[in-house]
Structure formats: structure tokens, C-alpha cells
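A look at the structure
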Amino acid sequence: MKCMVNNAWLLLFTLLFISPAEAGEFSGRVSDSSGQYSLGGVALEVVELNRSAVSDDAGHYRFANIPEGSYTLVASYPGMARKEVSVAVSNQGQEDTNLLMSPAAGYTEEMVVFGQRASQAGALARQRNSDSISSFLTRDAIGQFPDQNVSEAVRRLPGVSVQNDQGEGRFIVLRGIDPNLNSASINGVRVTAPESDIRAVALDVVPAELVETIEVQKSLIPEMDGDAIGGSIDIRTPSALDRNGPFLSITGTGSYNDLMEDWSPKLGIDASTVVDDRFGISLGVSYYDRQLGSENIEAEDWTDANGIVYAESFEMRDYDVNRERIGVTLGLDWLASDNTKLFFRGVFSSFEDEEYRSRLSVDFGDAEPVAGTASSAVFDLSGEEELEVVRDIKDRTETQEINSYLLGGETFAGAWTFDYEVSYTLAEEDEPDSYDTTDFARGFEAGELQIEQRGTRGDSPRVFVPDSFLNAYNDATAYEFDGLETVDGLAEDEETALRVNVARDIAFTDGQGQFKFGFAHRAREKSYDLNLRIYDDFEAGDFLLSDVATRSDYALGSLSPVPSAAGVRRFVGNLSDFELNTAESQFENAAAAYEVEEDILAAYGQLRIESGPWRIIGGVRMEQTDNEIRGNRVEFVEEGATYEGILQTEDTTFVTPVAFSRDHTEWLPSLNVRYEASDQLVLRAAAFRSLFRPNIQDLAPRFVVEQDDGDAREGEFGNPDLDPYTAWNFDVSAEWYFAENAVLQAGLFYKDIDDFIVRAVFEDFDFNGIAIDEGVIPQNGDTAEVTGIELNFQQAMTQLPAPFDGLIVGINYTYVESEGDFGGRTIELPGTAEQVLNLILGYEKGPLSMRLGWVYRDKYLDEVSADGETDRFVDEHASLDFSAKYSVSERTQLFLEAINLTDEPFVAYLDTPQYGERAMQYEEYSFTLNVGFRTTF
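Residues numbered from 1 in each chain as written. Predicted model: local features only at pLDDT ≥ 70, side-chain atom pairs only at ≥ 80, totals over all residues. Heavy atoms only, no water.

Turning our eyes to something else, we now look at unusual backbone geometry. For the bond from Ser560 to Pro561, the omega torsion is 0°, close enough to zero to count as cis. Within the fold, Pro561 resides in the loop between β28 (549-550) and β29 (562-563). Here the residue pair Ala802 and Pro803 is connected by a cis peptide bond, since its omega of 5° sits within 30 degrees of zero. Tracing the sequence through the fold places Pro803 in the loop between β43 (783-796) and β44 (807-822). Within the chain, Glu644 stands out as a residue other than glycine whose phi angle is a positive 50°. The exposed category is assigned to Glu644, whose relative accessible area is 67%. Not every positive phi belongs to a glycine, and Asp903 is a case in point at roughly 50°. (Helix = DSSP H or I, 4+ residues; strand = E, 2+ residues; numbered from the N terminus. Buried < 20%, exposed > 50% of the residue type's maximum accessible area, 1.4 Å probe, protein only.)

In C-alpha cells, the structure reads:
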């Protein structure tokens, strides 16, 4: 280690005071023995100089600042025989030294280029040679599973799980930590968030088949953006120069959803070509029109009446969803000269959700149960008791788009390397002309209804009505129009960025080094504009549920009759017969609106030293953040309330624009150490500081208050005074590559987080001069700690006798323990699951390839209350998927994929000392089956 410190001082001295002696360089490309397929992640070494390099995704490598002479170049890669060649270096120029690698003993060309073994080899090669603690997926690995999108593909990696929406993976969770604490990029360009209120990017927008590689970095180095406490996810799209020649692949799929009992089409095209070995074009297109749905039960406002626990609000929901996903990637690569390459990467992804939600809501109001057990409550209306039942339809079309465009280049000048990029990203969520809800309600009084809640202590409570009351309960002619909302909302999040990096390679006696520095400027604007119109009266006679009624196929209870979306649109027409509630509409629109401008200026310096078995990367990054944020103070005051000493004679909304400016600067040092203890054992350690900037919904100055006619005031607030999360992160790991295409690894990590943020309920509170009786306000907590362990085992079992030599096994497990101080109590860090487990069993031999994958994610705290009485948890979740492929020819595969075979539901619940566990949400999705073909030319 003392030698490493001396080399660091030598490198800096050489860089600052000594001009480089005349030296040469050489570069080349590594491919399989056919020369057609490039190999990324190949470890290369100039033996005599103890100099090393790793090939990029296109197989390219480069050694600079090499003295004249003859050297031995060695290349190694899992599943390939070690390659050794002689290289003569001259300062007069050097021809490319291209390497063709042949399969190792026991392997064939197909095993190391295509399929499960090849994808595992590529991922392990990249992981072993990476500068930080990282995990990888390659294109073939992504294709081995029935994953609908990038989020679902990434969950196969150690320490990774996902949060689902409609049964489909949506937000990526690293090491069990809240998805908001991750960063996501496409081709190194930060992805902005389509949703209006958060920073986390739902990567279900990006089709998995458009991706070349995915890298999950769990420790940071100075050149990386610092806002990644959980980790960083980088998605890379294909380059034409990754392949040596023209390429075309076509995939066609039919997808069957069991709940919807319907088939959906899916088509993918991947093409590339190279012109004159210097200019390449790649194009990817994906289209998926998927029918899916879910059946849902939600219960809220749990209370106790005479020892009987029940939910004051109960809902049954049936979702029918048409999800159309379109993705396009375009790559242009130009070798402008022997020392300069320029490139363009464009990604367009569109995700359109057409959702019809039928809902039955029961508001038990002042009704109290007359009987019950520990898991049931019976209501029999009497006296003055009333109970309201609402049946409604939500008719919503929502489109999310992500646009990412990158123009950049890299120039070599002897020992110097310059890379430069300018990028533009636009994400938006558009909800045009949607009928958010159309409600029909009926009030039941004494003697008119008996109703029972059952399973209130289980995970799927139900509502039952005796047969003698069903006719009245389901009489569509008795349900009258109660409200209609139309929505036209647009959230936009755009960022323009400039990055410049300069690196200087330094050679010394027993190794090599590099000093690198650079700066980046990211200019971001995020806004939300809502036009919500609330209609609460029909002025042209009666508008009854029976006028627009239809039936819903719902397995969790009695839901029908419900409004028909098409029937509502026909009946409503141009809305001229409906009365607009101006005050409530103005309130909702002003409350939702905000604009945030965020300028981030970053600079860093980074030193890299390699000597013998050691590789050390250290330095510091500075990130300065400036915000200009605008929102509204919005107060809705009911008729009969007193506002600023004046009695209000009608419902009134008061709107006051507010604006804040803020800035902060963070210094983010980091150190990553890699020690190759032997040819099989790699040890790593990392220490770094990172941050997370508050979510927009928490930061934007939206001060929203509702005051009833008794002058009780309830509020919900943004908090522009929030500090960012900051964290010190520590990692150690050991990776044992004990056999060809195999690894056994273990890692420990610890995160010390300051100023984590929770949304909490406060009573009798004054916030920014606004007095409220009860309100939800995001606040910085004190400190939080996250401690965890990661275990990973992967092996292609080629050492077994036939036919078992086709087996491929993978197991990874993550345990996370988190706690934070908030409001005088200790809580788990929100969004953090304690355990994540992935089990993979594959088989690949001859034309047949099969894989079974099981993913488990533990429960986690979802929402925090100030006193802990109403904390919301999301229950544990496990899913089982299967895929099988059969090669009918050298160029054509048939495949079968099954998703969520065990029909695992989504469950969220309340856990309190008073009531125990009580369900808040239960949702079922059933399974999906894909069948299709893939052919290449």
C-alpha cells in the first residue's frame, strides 16, 4: 500500500512538471473467432509494462503512452481460451491490433456468443473488471426472461427488486431502498421523470428489447453524478459499431392475459449496418399493445365502536387497461479520424395507458356496527343513521413520453483523452380530455339496508349484502348523478446538459495511472399545469345510473351495476346541461400548479492508480444546486365559515402566488479500492458521500388549506425549506471467480443518512404563518442508518456429466436493516424492504433453452404518520416466471414465456398497536402468457 501512495505522488509530479517522452500507442478490437460479434468486458494486459485495459461494449480497447518496443498482449474472457499475441510499438504510428478469441475447452462458439451462458459470461467479465461495485445485464440476458420493460429486467440482479403498478414492474428498488434515492440514465444522460410530483423514473416506459446493456453501480466515483444514495442505473442502447457487418432481427409475440381473457400483439425490430468501416447506423423499434387488468379492494379510516373494528370507507375497484408502448432508438457512429469518434444517440419511448376503472364505494358515515367479531362487522341501519353508496366510472387516457438525445465525441491526443457531450431530455405526462370520475350515489336510511364487512383482519376484506336487500342495493334507478370531473393535465420535465471530461494517462515503472477532471452543467425545468373541472349538478332533469349502466366482471364481490364509460360520454355530450362548481375547480387547479427551475453546476477531480494487484480511484466532486420554485397558497373556505374576520356567504377559493429561491453546495469525496488477491479472487472497498434532492411534491410551495363551516382547517403543504438527504456510504465485497463462467460473492454495505424526509400528519400547527388544525407536511428527519449484506452465486454447470452440463444456477440474496429517528420514535426508512431474494434455474443444451425465475421482496413501510398509529405498509411479494426457447434453425427461435404464474396479489395494510394489521389495499392481476418467434438475418 505504501508503494501505491508513492505512485500517486509520482503520478501528480509527472503530470505537473514532466513532459512525456516520445511514445507510441496501439488499439484494436476483440471479437469472437468468426470476427462477427464483438466482445465487451475483455481484460487485456501488456505483460512487460504491467499495464491493463478493458474492452468497451463494441470490443474496442486502447493503450496510450507506450514506449517503443515489442510487448506481449494477453486477453482473457469467461468461456474463451486465453489469447496471447506479440505487439510491436512505434512512435511512427501503429496498425490496429485486432484479436479473435476462440471458445475454451468444453465450450462451443454458440455457448460464448449467444444464450444464457454467453450473457452470464459478458456480465461477469464486466463486473470483474469494473472500477466500482457494480452489476451488469447484457442484451442476451435481458432476452432470457419474460420481462415487459427495463424495470422488470433489472430486478434479476443482486440487491434489486421493483415496485409494481397493475402487476407490471415500474420503479426500481436498489438494496431495498426507496426508488427516489436512485438515479437513472440512458447512454449516460440523466432521465427526467414524467410524473408530476417525483424524481424517481418509472422505467416501465422503456421496452426491454431496445436495450444493449444495463449497469447498476452501487458505489460512486467522482466523475459520476452524486445524487444516487441507493445506486445508479445506466441503460445503454445499441451501436452499429458493436457489430461487424449488417444485422437485422425481427421478433413477433402474441401476449395472453388471463384476467382479461384476451390476446395482445408485440413486435420488435433491431437493425444496424456499417458503411466503409467508419460510419454506422443502428435502429430499434418496439411496439406492444397490451390488454391487462386488475381487481382491487381498498379500506381506509379504521375505527373502533364498542370493541368492533371496521373501516369507515370501503371501495371495490375493477380496472380494464389497454397499455400501448412504443419505443424507438437511433444510433449514429462516425470515426471521423483515427483519433476522434463522434456519435449520436436518440431514444423515444411512449407509454399510453387507456384505463377504465369501475368502482363501488361505501361510506359508513355515522353508522355503527350492531354486531361483529375480530374480523367482521355487521351494520343494520336504524334511527338517524345513514350510509352512502357511490358507483362511479373513471375514463382516463394518460400518455407518458421520454425523449433522450445525446450528441458527443471522444478525441485522443497521445496520453490525453477528451470527451464531450451535450444532451437534451424531455419527459412528460399528458392526460387530455379525461373523465376522471362520474359518480352516482344513493343514501340508505333506517330499515333500507343491512351490510357486513368480512375478513377485516385478513389481507382481502369483503362487503356482503343479504339477499333480501340486494335488489335495493343494486337498483340502478335509485342512484342519482352526484358529480363529474374532467381533467386536462400536463406535467413536463426537461433538462439540457453539457459535460466535458479531460483525462491524462501516466505510465510509471510498475503500473499506470490517470488524472481526470471535468465539469457538467444541468439546467432543469419541471412544471405541472392542471385544468380540472368539477360539475356537481345536472340541470336538465334526472340523470340516473340506469341511463348509462353496465355490468362488470368482478370476482372479489358484488360490483354491478356500474356506469359505462361510453354511455357516460354519449349522455354527457358537451356538458352544457351540467353546473360547474367554480370554487372547487379553481381550488384544485391552483393547488396542483407549480414550476421549478433547477440549475446544477458540478466539477470534479479524480486520480486513478493501478499497480500490481491494486487499483485505486479517488477524488472529490462538487455539486452546487440553485432552485427557483413557484406555487400557490390556496384556501378553500366553505359557506358559513369566517375568513380573516369576514363571514363567507358562499364557497370561496382564495389564491395567493408564492415563490422561493434556495441554493446549496455539497462536497462529495469518494474512494474505490480494488485488490486482485489472485487470479480468482477480487476484493473491493468503497467509501463515498452522496445526496438526494427533495421530491418536487415535497419541495414545491403548494400550501393548500380547506376550512369548513365550523372553521376547522385542514392543510397539505410543500416545504421549500427542506434540506437534501446526504449520506456517507461504505462498501466491502469479495468476488470469487472459482470456475469458468462462475462467481461466488459477498458484500457488506452501510449508509449513514442525514435529513431523510417523511410526510407526516401534524395537529394544531402553524406553518409559514398559516394556522391549521391538522395538516400533512414533509419534514426532515434526524438521521437514518442502513446496514445490509449481499450474497450472489452464479454458475454454468458445464463440469457436470451430460445431460446435466446444460444447467445454469443463480441465487442472490440481500438483507437490509434500516432505522431512522423521527418525531421522537425510531422507524424503518420508508420504502426499504428488509429482504430481497432471486432464484434462477436455467437449462441450455443444443437447440433448447429454458429458465425459471422466482423473485421475493419483503414488506416495507410505505407512509409514515406522526404518532405511528396509521403507518401504512406494503406486504411481501413473490412472483414466479418461466421462459423457454427452441432454435428451429440457425437463425430462428420459437419461445414461450409465462409471467406471474402464482397469481401473486399486491397487499398494503395498516399496522397499529390498537387494531393490529388491517388491510388497506388488495389487488389481483392473474398471469400473462407470451408466445412468439425471433429471427435474424
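This part is about the sheet that holds strand β11 (residues 182-186). Sheet strands pair by backbone hydrogen bonding; their relative direction is either parallel or antiparallel. Sheet architecture is open: five strands sit in the order β8-β13-β14-β11-β12, paired in mixed fashion. On the outer flanks of this sheet lie β8 (134-138) and β12 (189-190), each paired with one strand and no other. Packing of helix α3 (residues 115-129) onto the sheet brings it into contact with β8 and β13 (213-217), and relative to β8 it is tilted by some 150°. (Pairing = 2+ DSSP bridges. Contact = heavy atoms within 4.5 Å. Axes fitted to C-alpha atoms, helices over the stretch in contact; angles between N-to-C directions.)

On to helix α7 (residues 565-572). The α-helix winds at 3.6 residues per turn, so residues separated by three or four positions along the chain end up facing the same way. Among the residues making up α7, those that are buried are Ala565, Gly567, Val568 and Val572. Buried residues of α7, viewed axially, fall in a sector of 160°; they line one side. Structurally, α7 contributes buried residues whose contacts are with β19 (340-363), β22 (387-413), β23 (416-444), β26 (480-508), β29 and β30 (578-580). For α7, the N-terminal cap is Ser564; the gap from its side-chain oxygen to the backbone nitrogen of Ala566 is 3.4 Å. Looking at the residues trailing α7, positive phi occurs at Gly573, about 65°. (Arc of directions from axis to C-beta. Polar contact = N/O pair within 3.5 Å; in protein donor to acceptor, adjacent residues only side chain to side chain.)

Another aspect to go through is the pairing of strand β38 (residues 713-717). Covered by surrounding structure in β38 are Arg713, Gly715 and Phe717 only, the residues Glu714 and Glu716 on the alternate face being uncovered. Bridge count between strand β37 (residues 703-707) and β38: five bridges; the pairing is antiparallel. Residue Phe703 lies in a different strand from β38, and its bridge partner there is Phe717. Where β37 hands over to β38, the hairpin turn is made up of five residues, of which Asp711 adopts a positive phi near 65°.

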